[in-house]
Amino acid sequence: MWHGADSVQVPVTDRFDWFAQTVSNALMPSAFAPQDAAGFHAEGAFLDLGAAQVSRFSYAPLRSWRTPALIRRGDPEQYQLGLVTRGSAWYAQGDSEAELYAGDMVLWDTSRPYKSGSGLDGGTVDALVLQIPKARMPLPSQQIDRLLARRMSSGTGMGAILAQFLVSLAGSGPDCRPLDLGVLANSAVELAVSCLSQQLGAEVHTPAGARAQVMRRRIDAFIEQRLGDPGLTPRAIADHHHISLRTLYTLFQSHDESLGAGEGVAAVIRRRRLERCRADLARPQLRHLAVHVIAARWGFTSAASFNRTFRASYGTTPHAYRTEAMGSGRRV
C-alpha cells in the first residue's frame, strides 16, 4: 500500500518543513526553498516494491538543490527517474538542464549535485519518481551520464509504455498482493532500462535468457494496460511487439515461476480479466453496475461466455459470487 501523508494534516507553519523532511527521507537529503511558504501545500506517498520504490508527489512551486555536503550526509546510490503528470518543472545536473511539462520524464543521479525548480507556470506540480538502485542498472555509467537532466518524452515508443506502466502502477500497485511486488519492481526497472536504451539508440548487451525475460515482462505490462480491449489477442500482442506468434508462444512457456510458468498467452489474458471482474464484483461502490457491464469493462464481449468461464474458474456464478461477497462484507 501507499505510505505517506497530506500537508493539510500538518500545521500551516510546519508544512514546508514537513515536506522537505519527507522528500529527503524518501528520495535523498536535499535543500528546499518555497515560492510561498505561508501558502505551501503538498502530498507525498511511497510504494515500496522491494527492489525499487515508486514515490508520488504533489506540491506547490519551490526550488531544491543537493550539494556535496548533502551527498556526504546520505546517498542511496540510485538513479531516479521522474515523470511529470501535471504542471511544469526544470532540472539541472552536470552540464545539462531540462524544462519539463506534463508527460515529460527526466533522470538524475543521487551521487551528484543537482538543482531544480517547479511551477514554471505558478501552479501545483504532480510527479511520480521511480527509484532504481545502481546495482540493478545494466547500462554503463558512461552511457547513463549522457541522459542525466535531459528531457525525455513519454509520447511514443518505450517512453510511452514506461509512463503508462508507472501511472498504472501508481493506481493499482497498492492493491496487489505482496508476492506480486517483486515482479512489478522487475518490470518497472526493465521497462526503464529499455526506455533509456532507446533514448541512447543502444542495445543492452544481456544474455538471451535475460532479454527474453525483459520482453516477457514488457508484454505483461502491455497486457495489463489493455485488458479491457476486446481486441487484445495473441496476434495483436505479437504485431505490436514486432515478433512472430511462435516467439510469443515460446515466451509464455517460460519455466520462471514468477512469470506464470507454462501458462499460454490467451490463458494469461483470460485469467487476468477474470481477476479484475471478480474484484469489481466484490466492490460495494460498483454494485450499481450490472454483471454484464463489469464483464464488458474487462474485455468480455459475451455475457453467456463470461458466465461459463467465471463458473469454471471459481465454482460459482458471477451473480452468486457478488451476492455472497456483498453479504459477507468481503473487501478485495
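Peer 1: Sorry, what's going on with the pattern of salt bridges here?
Peer 2: A side chain with one charge may pair with a side chain of the opposite charge, provided their charged atoms come close. Going through the model one piece at a time under the given rule, you end up with 14 salt bridges. Between D220 and R272 there is a salt bridge, and its shortest N-O distance comes to 3.2 Å. Taken together, the positions of D220 in helix α6 (residues 208-225) and R272 in helix α9 (residues 265-281) put the pair 52 residues apart, joining distant regions of the chain. As far as burial versus exposure is concerned, D220 and R272 are alike and both buried. Across the salt bridge formed by R271 and E275, the nearest N and O atoms sit 3.2 Å from each other. You can see R271 and its partner E275 sitting in helix α9, four residues apart, about one turn around the helix. Each of the salt bridges in this network shares a partner with another, and the network as a whole consists of D220, E224, R271, R272, E275 and R276.

Peer 1: Help me understand the nonpolar core, please; the structure alone is not making it clear to me.
Peer 2: General note: in soluble globular proteins, nonpolar side chains tend to be found buried as a group. Counting residues in hydrophobic clusters, the biggest one holds 38 residues, and the most contacted among them are L81, L107, L130, M137, I144, L162 and L196. Of all the secondary structure elements, the ones that give two or more residues to this core are β6 (78-86), β9 (104-109), β11 (125-133), α4 (157-172) and α5 (178-200). Here this core gets 11 residues from one element, more than from any other, and that element is α5. With sequence-adjacent residues up to four places away left out, L130 is seen in contact with A52, Q53, V54, Y79, Q80, L81, L166, A188 and A192.

Calculation criteria
- Residues numbered from 1 in each chain as written.
- Predicted model: local features only at pLDDT ≥ 70, side-chain atom pairs only at ≥ 80, totals over all residues.
- Heavy atoms only, no water.
- Salt bridge = Lys/Arg side-chain N within 4 Å of Asp/Glu carboxyl O.
- Helix = DSSP H or I, 4+ residues; strand = E, 2+ residues; numbered from the N terminus.
- Buried < 20%, exposed > 50% of the residue type's maximum accessible area, 1.4 Å probe, protein only.
- Core = buried A, V, L, I, M, F, W, Y, C linked by side-chain atoms within 4.5 Å.
- Contact = heavy atoms within 4.5 Å.

Any functional reading would require information that these geometric values do not contain.
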